[in-house]
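# Examination of the molecular architecture
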Amino acid sequence: TLGCETPATNFCLTHAGRRTALGPETPEAWKAGLRTLSAAPNFYAKLSGLGTFVHRNDPTLIAYIVDNAIDILGADHLMFGSNFPIEKLWTSYAELLSTHRNAVSSFTPQEQQAIITATDTRVYHHHPYSARQNTHVGGDFDRVQSSTSPLEASRLKRFSLTTRALADQRRS
């Protein structure tokens, strides 16, 4: 794979490879694709927008994708993400976070931390922000702040700050 040929470059697959249906052929093809890509140590997948292609926040589908992605890639090659604001058409950010929290709840605290923050931090070379920095990050975060753990709050802050930094960079 290209990932194996270019080990100094990280590759991130969005939406965990767009696994969209529960029919018998689709899951097997999706898992085979992940297995092929997992041969590259610099391959990562974002657990983002998992309901985007079925237009709902489906806990069963999300848990299925998360379970299989962890089994194939390992938690240290996965990172939580969202497809907000698109997902706002069928769910709230709080409900989306809750579904993802439930999907990883049976895994170890270390695996959960890898998915929620550690992989993202390692792959994108982010540095954790303290809880006192940048306390206001806008709309959706403000509405779910009280229902998120400190770890998730830190992840949301970093996500918002990264998004803002990229937007600022594009403008300059």
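Our subject is the structure that appears above.
The following refers to the structure shown. (Residues numbered from 1 in each chain as written. Predicted model: local features only at pLDDT ≥ 70, side-chain atom pairs only at ≥ 80, totals over all residues. Heavy atoms only, no water.)

### Thoughts on the overall build of the protein
- Each helix and strand counted, the protein has 7 helices and 3 strands in total.
- Counting helices and strands in the order they occur from the N terminus, the protein gives α-β-α-β-α-β-α-α-α-α.
- For the protein, the residues scored as buried account for 43% of the 172 residues in total.
- For the protein, the share of sequence-separated contacts (at least 6 apart) that also reach a separation of at least 24 residues comes to 78%.
- As displayed, the protein has an accessible area near 9200 Å², and 55% of this comes from carbon and sulfur atoms. (Helix = DSSP H or I, 4+ residues; strand = E, 2+ residues; numbered from the N terminus. Buried < 20%, exposed > 50% of the residue type's maximum accessible area, 1.4 Å probe, protein only. Contact = heavy atoms within 4.5 Å. Areas by Shrake-Rupley, 256 points an atom, 1.4 Å probe, with all protein chains shown as cover.)

### A word on the environment of Arg122
- Tracing the sequence through the fold places Arg122 in helix α5 (residues 109-124).
- On a C-alpha basis, the gap between Arg122 and His77 in space is 10.0 Å, while along the polypeptide they are 45 residues apart.
- Setting aside residues no more than four positions away along its own chain, Arg122 makes contact with Tyr44 and Asp76.
- Reaching out from Arg122, the side chain makes a polar contact with the backbone oxygen of Asp76 at a distance of 2.4 Å. (Polar contact = N/O pair within 3.5 Å; in protein donor to acceptor, adjacent residues only side chain to side chain.)

### Concerning the nonpolar core
- Grouped together as the largest cluster of nonpolar side chains are 30 residues, with contacts concentrated most on Leu47, Leu50, Ile65, Val66, Leu73, Leu78 and Ile115.
- Among the elements of the structure, α2 (25-37), β2 (43-47), α3 (59-73), β3 (78-80), α4 (93-104) and α5 are those that each provide at least two residues to this core.
- Among the elements that make up this core, the one with the highest residue count is α3 (8 residues). (Core = buried A, V, L, I, M, F, W, Y, C linked by side-chain atoms within 4.5 Å.)

### Comments concerning the sheet that holds β2
- Judged by pairing direction, the sheet is parallel, and its 3 strands sit side by side in the order β1-β2-β3 without closing on themselves. Both edges of this open sheet fall to β1 (11-13) and β3, since each of them pairs with a single strand only. The average undirected angle you get between the axes of adjacent strands in this sheet is 30°.
- Bridge count for β2 against β3 is 3 bridges, and the pairing is parallel. By the bridge assignment for β3, Lys46 is matched with Met79.
- On the sheet, α3 packs against β2 and β3 and is oriented at approximately 165° with respect to β2. (Pairing = 2+ DSSP bridges. Axes fitted to C-alpha atoms, helices over the stretch in contact; angles between N-to-C directions.)

From the geometry alone we can't say anything about function, so treat these as descriptive.
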